[in-house]
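Tertiary structure, described
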Amino acid sequence: MAGQMDALGQFRLLPGLGPLGRAIDFTNSNEAMLASAAIIVILFALGLRSRALVPGRLQALVELLYEFVRAMCVDTIGEEGLRFFPLVFTIFSFILLGNLIGLFPYFFAFTSHIAVTLTLALFVFLFTTGVGFYTHGVRYLKFFVPPGVPGWLLPLLVPIEIISYFARPVSLSVRLFANMTAGHVMWEVFAGFMLLLTAGFGIFGAIASIIPLGLNVALVALELLVAVLQAYVFAILTCLYLHDAVHMH
Amino acid sequence: MDPQSTALLARDIGAGLATIGVAGAGVGIGNLFGSFVSAVGRNPAARDNMFRDVLLGFALTEAVALYALVIALIILFA
């Protein structure tokens, strides 16, 4: 163990795809994004090739994903939600695959970069605001005036509503970014404990480092849960914002 | 002590203080699952329906703890 633990070094952007990638600033993060998009497309192309009435394993997986997101859309937004189903499904599958790819050693979790998640969240924010104004016109501004509130409270409540509305992209992006970063940093820290123990106590330290190793194994299970959960949370919050935009409360 | 190392010391103390926020998320997650257990005790049939919302609440609560972590990281590295 030389010097300090470099827990954040794993998120460093490196040039990908050789000299060509270096020329156009193509990084390992972009590689992971392309890979996750490609995996989804290939999965669906392969899964829906046969279109059997009794689905095989791959087709069952694809149908499961499809029906899961579809139910989420319809339950949260209502029947109109089907219009937004392609968007929600794209966001969900992209983030899900990105999180899952990042769990493998030597792969890059692009959702652990605030730039990526903030872009996604800003897109969702601008899109839902656009949908709100498209559906309701200027009356969408009434969204900031909670119904059934006495008039003298409004000067206090309207600014709060406006602030909480504009906090949406921040909380949406930081939640995903922080979850993924924290998980990967925890792995690195516990792996660093193993090195520290071995360097400090020799053979006894090496035997004792089975404890951080076991913790790391348990963390893999937790991170698997978190990876799926955060994709789900991102998608369902997108649905909730769309519901607000379509129905206004 | 020279000002440089005092500043480093203060930075580390600040990062440590920032992690206190995690306590709130601990209370929140405990509250969430405690309520879930007692709710399942009253109505075991509704378990699967409730568990979806519990997972969502868990993710939202856990995120609050991670905001504290982000602040600690910003203090340490930015």
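Residues numbered from 1 in each chain as written. Chains lettered and ligands numbered in written order. Predicted model: local features only at pLDDT ≥ 70, side-chain atom pairs only at ≥ 80, totals over all residues.

**Thoughts on the overall build of chain B**
Regarding its fold elements, chain B presents 3 helices and 0 strands. Mapped in sequence order, the helices and strands of chain B form the string α-α-α. In terms of C-alpha radius of gyration, chain B reaches 19 Å, well past the compact-globule figure of 12 Å for 78 residues. Overall size of chain B, expressed as C-alpha extent along the three principal axes, is 65 × 20 × 5 Å. Out of the 78 residues belonging to chain B, those deemed buried represent 9%. Relative to all contacts within chain B whose residues are 6 or more apart in sequence, the contacts with residues 24 or more apart total 85%. (Helix = DSSP H or I, 4+ residues; strand = E, 2+ residues; numbered from the N terminus. Rg over C-alpha atoms; globule rule 2.2 N^0.38 Å. Buried ≥ 20, exposed ≤ 12 C-beta atoms within 10 Å, placed from the backbone. Contact = placed C-beta atoms within 7 Å.)

**What to know about the overall build of chain A**
Of regular secondary structure, chain A possesses 8 helices and 0 strands. Along chain A, from the amino end to the carboxyl end, the secondary structure elements read α-α-α-α-α-α-α-α. Radius of gyration (C-alpha) of chain A: 22 Å, far over the 18 Å computed for a compact globule of 249 residues. Split into buried and exposed, the 249 residues of chain A put 26% on the buried side. Sequence-distant contacts in chain A: of pairs separated by 6 or more residues, those separated by 24 or more amount to 62%.

**Side note on the packing of helix α3 (residues 57–77) of chain A against helix α4 (residues 85–102) of chain A**
Residues and elements named next belong to chain A. Put simply, α3 and α4 touch, their axes get as near as 10 Å, and they point 125 degrees apart. On the basis of the axis angle, α3 is oblique to α4. Seen from above, α3 lies across α4 with right-handed handedness. Contact with α3, carried on its side by L65, V69, R70 and C73, involves F85, V88, F89, F92 and S93 of α4 and no other residues of that element. (Axes fitted to C-alpha atoms, helices over the stretch in contact; angles between N-to-C directions. Parallel < 35°, antiparallel > 145°, perpendicular 65-115°, else oblique. Left-handed = near helix turned anticlockwise from the far one by under 90°.)

**With respect to the nonpolar core**
Grouped together as the largest cluster of nonpolar side chains are 46 residues, with contacts concentrated most on A231, F234, A235 and C239 of chain A. Breaking this core down by element, the ones donating at least two residues are α3, α4, α5 (114–136), α7 (168–208) and α8 (210–247) of chain A together with α3 (47–77) of chain B. Discounting chain neighbours no more than four positions away, the residues touching C239 of chain A are M72, C73, T76, I77, G81 and V88 of chain A. (Core = buried A, V, L, I, M, F, W, Y, C linked by C-beta atoms within 7 Å.)

**Some remarks on the interface of chain A and chain B**
Interface extent is often summarised as the accessible area lost during association of the parts. Facing 10 residues of chain A, the contacting portion of chain B comprises 10 residues. Listing elements by their share of the side of chain A that touches chain B, those giving two or more residues are α7 and α8 of chain A. Sort the elements by how many residues they give to the side of chain A that touches chain B and α7 of chain A lands first, with 5 residues. Of the residues assigned to the side of chain A that touches chain B, the class counts are 7 nonpolar, 2 polar and 1 charged. (Nonpolar A, V, L, I, M, F, W, Y, C, P; charged D, E, K, R; others polar.)

**Some words on the packing of α5 of chain A against α8 of chain A**
All names here are of chain A. Here α5 crosses α8 at 20 degrees, and the two axes come no closer than 8 Å. The angle between the axes of α5 and α8 places the two elements in the roughly parallel class. Pair α5 / α8 crosses with right-handed handedness. Within the contact between the two elements, α5 uses V124, T128, V131, G132 and T135 and α8 uses T238, Y241, L242, A245 and V246. Its residues assigned to classes, the contact of α5 with α8 comprises 6 nonpolar, 4 polar and no charged.

**Description of α3 of chain B**
Here α3 of chain B spans 43 Å end to end across 31 residues, near enough to the 45 Å set by a 1.5 Å rise per residue. Taken together, the buried positions of α3 of chain B are F58, A59, E62, A63, A65, L66 and L69 of chain B. Where α3 of chain B is buried, its residues meet α7 and α8 of chain A together with α2 (21–42) of chain B. (Expected span 1.5 Å × (residues − 1).)

**Side note on unusual backbone geometry**
With a phi close to 70 degrees, Y106 of chain A is a non-glycine residue in the positive phi region. Along the chain, the position of Y106 of chain A falls in the loop between α4 and α5.

**Section: the environment of E79 of chain A**
In this structure, E79 of chain A sits in the loop between α3 and α4. C-alpha separation for the pair E79 of chain A and F104 of chain A, spaced 25 residues apart in sequence, amounts to 38 Å.

**Description of the environment of G132 of chain A**
With respect to the secondary-structure elements, G132 of chain A resides in helix α5. Separated by 116 residues in sequence, G132 of chain A and M248 of chain A place their C-alpha atoms 8.1 Å apart.

**Considering α8 of chain A**
If you check α8 of chain A, its first and last C-alpha atoms are 54 Å apart, about what 38 residues at 1.5 Å a residue would give, namely 56 Å. Downstream of α8 of chain A by a residue or two, M248 of chain A has a phi angle that is positive, lying close to 55 degrees.

**What to know about the confidence of the model for chain A**
For chain A, per-residue confidence averages 86 on the pLDDT scale, and 97% of positions sit at 70 or higher. The element-level mean pLDDT for chain A is lowest in helix α1 (residues 18–23) of chain A, coming to 73, with α4 of chain A highest at 93. (pLDDT = per-residue confidence, 0-100.)

**What to know about the confidence of the model for chain B**
Detailed reading of the predicted coordinates is not advisable wherever pLDDT falls low. Mean pLDDT over chain B works out to 87, with 100% of the residues at or above the 70 mark. By mean pLDDT, α3 of chain B is the weakest element of chain B at 83, and α2 of chain B is the strongest at 93.

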